[in-house]
Protein chains: 2
Amino acid sequence: MHNSVDAALRERARQVIPNGMWGHMNAARLPAAYPQYFARAEGCRLWDVEGREYIDFMCAYGPMVLGYNDADVNRAADAQRAEGDIFNGPSARLVELAELMVDTVAHADWAMFQKNGTDATTTCVMIAREATGKRKILVANGAYHGAVPWCNPYPNGATAEDRAHLVRYDYNDVASLERAAAEAGDDLAGIVVSAFKHDLGKTHEAPTKEFAAGARSICDRTGAALIVDDVRAGFRLHAGGSWELVGVKPDLAAWSKAIANGYSLGAVTGNDRFRDAAGRIFVTGSFWYGAVSMAASLATIRKMKEIGAIDIMRRMGQRLRDGVDAQAKAHGVRLQQSGPVQMPVILFDDDADRRKGWLFCTEALKRGVYMHATHTMFLSAAHTAADIDRTLEATDAALAEVARQFG
Amino acid sequence: MHNSVDAALRERARQVIPNGMWGHMNAARLPAAYPQYFARAEGCRLWDVEGREYIDFMCAYGPMVLGYNDADVNRAADAQRAEGDIFNGPSARLVELAELMVDTVAHADWAMFQKNGTDATTTCVMIAREATGKRKILVANGAYHGAVPWCNPYPNGATAEDRAHLVRYDYNDVASLERAAAEAGDDLAGIVVSAFKHDLGKTHEAPTKEFAAGARSICDRTGAALIVDDVRAGFRLHAGGSWELVGVKPDLAAWSKAIANGYSLGAVTGNDRFRDAAGRIFVTGSFWYGAVSMAASLATIRKMKEIGAIDIMRRMGQRLRDGVDAQAKAHGVRLQQSGPVQMPVILFDDDADRRKGWLFCTEALKRGVYMHATHTMFLSAAHTAADIDRTLEATDAALAEVARQFG
């Protein structure tokens, strides 16, 4: 494989970007074969700057849900932009989108909009504290809720005080949740739960009914806010909110990623119990009222409903899971697929150093399939059965290579 | 004036948005005549949902710098979107934009990109703490640096710990800055300074050379980071960074608003002393790598340079200032225009309750000119002499009304 264009860009980047790149899209975290820079995207396909084509199972780490560059979403965005995007206030799209979120999301009596998932989770925590007058926030060990100091997975650049009021529990462990609530005592403002357990490099787990009911019960008992972080999973599992699957309604939920098919948008939804507090906090951003992203979101949510996007993702995800399971058995490779089929992670047995996982992904990459060995992957409504079957040809060869190298 | 469309939208919003609206674009903070919702924008003109046209001096609170819906910027954005916006990594636009920022901004050896000004200021603070291993951040009384708990102008939803390591000083007061630095002692991580003093409702002040040199000197002495918050003023005063005007280079600077003429983008620039620390912090967002906003920013910065955008804004701002000054004298109304002419604020004497200020603005609004009585206003490169002269007709009538009502 030639990587001269990508390598040249990386070299230029090292001059003008600290460490060459930042954040979750820093390819230094990935095997050398993975491209850092991309040139084009359409449907479920990506092209890197060398012109190599991939069937993509990361979907830009989630935002792409209907297909890259979806024509219907772009048409709605363009129609809005012809009128305008930013003004000295919002456009009517904001009201329409808040109404659509309230119609769509089961627990929602109201909505507010931001630009990124971290904006949304941070806003939820502020609302919980303002509503309760309390300070402690329960968060699960290993969970990701954003990249600002209060929730950053790394301590660099943060102070101890940024996390002074976090209390940790283990996801799906009701006893640990009760212990954390007891530790918070009468200072409990809220419990943050991921839509499902999707920690990096870990087996993904749906919330158990006991855990979800337990979290709801603690909040009902104490007045704390139950906050579902649906940033990663939102609109891929259940249009009404991911915890509809376990029959529990949160008080607040954070949304972003898939909400506008790649246009930059975040959202917070909440129920009436938290409406007044949400109206008392000051949260804002220069671009939070942009009409184009909201027009794109309206088109995205409507199209997802029209075409049954979640069903498509579920069927395609199941086809991928069944295919990889059969191939793994045939090759005698032990692996574990977890997460909802439309948001899978594939972890190999006896692979603490991830050598098997990244070998598998690298072999698939060479064959035109972009997967990730430790992060949640994403299906989209643009993946077809033919794409999955083409993918399975690549995974079959990749698993053969894993079997060859690791027996 | 008929307001039926706006009123109907406000009523619908009250059902589905806490308090009817949030943040700095909540028109509840403005006189009743001000529209909440906008329908269209082009050049320096805005249309509200009733179809009323305004010459705009808020520029969407800053982002609009070349004119709403600028055709050149849109063309660059469209060309990029045809290829793609989000991928599993950035596009080459990110490298090109980092190079352009380093070429353009005097103190910059590197750049990183975000989505909003708050992202940028928060990233600067994280870098300062990571680089120094220290915690205290000096911020000016009354200054605005964003809307998350560490810097929020309101306490709602924040804990005391969120601000545990802030130490306050008064802008342009070297002695108070020295006192704050002494209070921080050997725990000083950084000093945050606005590009100029542009506090809400207060006389705007350029930084004095003594103040700027004093801030630089404290940082040189202690190893702390001098952080210029150029979010509001960036690319309106000096393309190389606003503190070029006082001959002082910061270590870090935060940018947003005008950087991409309304496309959502933030940036941090820094010097080599802070490069390693910037490479060690984890900051990211789902949409931080979007290529369309970066293509728009490349086009915006290049066009600003080509047409001499800052000179245009300065000339048009001076024309407005001179005109209003002459009118105020003619009407016997005492007022004070402050701030750089391209970012003015107009404050009336003996107007603690802002009645004169908002009367003036409301009378101008009725005559098709959108101004703000307490917030920094913004000129753009799309304002022409004819627009300013048309504006001065409105301000003349508005000042006559102020004179009539307040003598």
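Please refer to the structure placed before this passage.
About the criteria used
- Residue positions within a chain follow its written sequence, with the count starting from 1.
- Whichever chain is written first is A, and whichever ligand is written first is 1; the rest continue in order.
- Where local features are concerned, this predicted model is filtered to residues with pLDDT of at least 70; where side-chain atom pairs are given and counted, the filter is 80 or more; whole-chain, interface and lining totals use all residues.
- Secondary structure counts use DSSP, requiring at least four H or I residues in a row for a helix and at least two E residues in a row for a strand, with both numbered from the N terminus.
- Think of it this way: build a C-beta for each residue from its backbone, and any pair within 7 Å is a contact.
- Think of it as a crowd count around each C-beta: if 20 or more other C-beta atoms lie within 10 Å the residue is buried, if 12 or fewer it is exposed, and in between it is partly exposed, with C-beta placed from the backbone throughout.
- Fitting of the copies onto one another was done by least squares over C-alpha atoms, counting residues only where both copies have pLDDT of at least 70.
- As a working rule, the residues Ala, Val, Leu, Ile, Met, Phe, Trp, Tyr, Cys and Pro are called nonpolar, Asp, Glu, Lys and Arg charged, and the rest polar, with Gly in that last group.
- To estimate the expected span of a helix, subtract one from its residue number and multiply by 1.5 Å.
- Between any two strands, pairing holds if DSSP finds at least two bridges.
- As a rule, the C-alpha atoms of each element are fitted with a line to give its axis, helices using only the stretch in contact, and angles between N-to-C directions run from 0 to 180 degrees.
- An angle below 35 degrees is treated as roughly parallel, one above 145 as roughly antiparallel, one from 65 to 115 as roughly perpendicular, and anything else as oblique.
- Left-handed is the label given to a crossing in which the near helix is rotated counterclockwise from the far helix by less than a right angle, and right-handed is the label when the rotation is clockwise.

Student: Kindly report on the environment of A:Asn261, identifying the contributing residues and their values.
Tutor: Residues and elements named next belong to chain A. Its location among the elements puts Asn261 in the loop between strand 9 (252–255) and strand 10 (266–270). Sequence-wise, Asn261 and Val292 are 31 residues apart; in three dimensions their C-alpha atoms are separated by 12 Å. Sequence-distant contacts of Asn261, that is, excluding residues within four places in its chain, are made with Pro63, Met64, Val65, Leu66, Asp70, Val73, Ala296 and Thr300.

Student: Now, about the environment of A:Leu379: what can you tell me, with residues and values included?
Tutor: Residue and element names in this part refer to chain A. Along the chain, the position of Leu379 falls in the loop between strand 13 (369–370) and helix 11 (385–406). Taking the C-beta count within 10 Å as the criterion, Leu379 has 29 such neighbours and is therefore assigned buried. Distance from Leu379 to Tyr263, taken between C-alpha atoms, is 18 Å for residues 116 residues apart in sequence. Apart from the residues lying within four places of it in its own chain, the contact partners of Leu379 are Met313, Met316, Gly317 and Gln342.

Student: Describe in detail the relation of the copies chain A and chain B, supporting the description with residues and values.
Tutor: Relative to chain B, chain A is turned by 180° and slid 0.0 Å along the rotation axis, the superposed coordinates differing by an RMSD of 0.0 Å. Here the two chains are linked by the operation of a two-fold rotation axis. Comparing interface residues between copies, 100% of those in chain A also sit at the interface in chain B, which points to an isologous, same-surface contact.

Student: Describe the interface of chain A and chain B, listing the residues and the values that go with them.
Tutor: If you look at the interface, chain A gives 89 residues, while chain B gives 89 residues. Listed by contribution, the elements that provide at least two residues to the side of chain A that touches chain B are helix 1 (4–16), strand 1 (38–42), helix 3 (92–104), strand 4 (110–114), helix 4 (117–132) and helix 7 (275–280) of chain A. A per-element tally of the side of chain A that touches chain B places helix 4 of chain A first, with seven residues. Here the residues of the side of chain A that touches chain B sort into 48 nonpolar, 27 polar and 14 charged.

Student: Give a detailed account of helix 8 (residues 291–307) of chain A, specifying residues and quantitative values.
Tutor: Residues and elements named next belong to chain A. With 17 residues, helix 8 extends 24 Å between its outermost C-alpha atoms, agreeing within 8% with the 24 Å of an ideal straight helix rising 1.5 Å per residue. With respect to burial, helix 8 is a largely interior element, 12 of its 17 residues being buried. Listed as buried for helix 8 are Ala291, Val292, Ser293, Met294, Ala295, Ala296, Ser297, Leu298, Ala299, Thr300, Ile301 and Met304. Buried residues along helix 8 sit in contact with helix 2 (71–83), helix 3, strand 4 and helix 9 (309–331). Positive backbone phi, approximately 65°, marks Gly308, located one or two places after helix 8.

Student: Could you give an account of the sheet that holds strand 2 (residues 45–48) of chain B, with specific residues and numbers?
Tutor: Residue and element names in this part refer to chain B. As summarised here, the arrangement of the four strands in space is 1-2-3-13, forming an open sheet in which the pairing is mixed. The sheet is open, and its two edges are formed by strand 1 (38–42) and strand 13 (369–370), each paired on a single side. Judged from the three bridges that link them, strand 2 and strand 3 (residues 53–56) form a sheet pairing that is antiparallel. Considered in strand 3, the bridge of Leu46 is made with Tyr54.

Student: Now, about the packing of helix 2 (residues 71–83) of chain B against helix 8 (residues 291–307) of chain B: what can you tell me, with residues and values included?
Tutor: All names here are of chain B. Packing of helix 2 against helix 8 leaves a shortest axis separation of 8 Å and a crossing angle of 150°. The orientation of helix 2 with respect to helix 8, classified from their angle, is roughly antiparallel. Helix-helix and strand crossings are classified by hand; for helix 2 and helix 8 the assignment is right-handed. Where helix 2 approaches helix 8, its residues Asp72, Val73, Ala76, Ala77, Ala79, Gln80 and Arg81 are matched on the opposing element by Ala291, Val292, Ala295, Ala296, Leu298, Ala299, Thr300 and Lys303.

Student: Can you explain unusual backbone geometry? Please cite residues and give values.
Tutor: All names here are of chain A. Even without a glycine there, the phi angle at Asp350 is positive, about 50°. Relative to the helices and strands, Asp350 resides in the loop between strand 12 (345–348) and helix 10 (355–366). Among the residues examined, Asp350 registers 8 C-beta atoms within 10 Å and is labelled exposed.

Student: Before we move on, can you summarise helix 9 of chain A with the specific residues and values?
Tutor: Residues and elements named next belong to chain A. Counted at 1.5 Å a residue, the expected span for helix 9 with its 23 residues is 33 Å, and the 33 Å between its end C-alpha atoms agrees. The set of residues buried in helix 9 consists of Ala309, Ile310, Met313, Met316, Gly317, Arg319, Leu320, Val324, Gln327 and Ala328. Note on helix 9: the residue one or two positions beyond its end, Gly332, has a positive phi of about 65°.

Student: Let's hear about the sheet that holds strand 4 of chain A: which residues, and what values?
Tutor: Backbone-to-backbone hydrogen bonds pair the strands of a sheet. The strands run either parallel or antiparallel. Residue and element names in this part refer to chain A. Pairing is mixed across the open sheet formed by seven strands, whose spatial order is 4-10-9-8-7-5-6. Two strands in the sheet have a free side with no partner beyond their single neighbour: strand 4 and strand 6 (166–169). The sheet shows a mean angle of 20° between the axes of neighbouring strands, taken without regard to direction. Where strand 8 (residues 225–229) meets strand 9, three bridges bridge the pair, whose relative direction is parallel. Residue pairing across strands places Asp229 opposite Ala254, the latter belonging to strand 9. Strands in contact with helix 3 are strand 4 and strand 10; relative to strand 4, the strand with the most contacts, it is inclined by about 125°. Contacts between helix 6 (residues 209–222) and the sheet are confined to strand 7 (188–194) and strand 8, with strand 7 contributing the most and set at about 165° to the helix.

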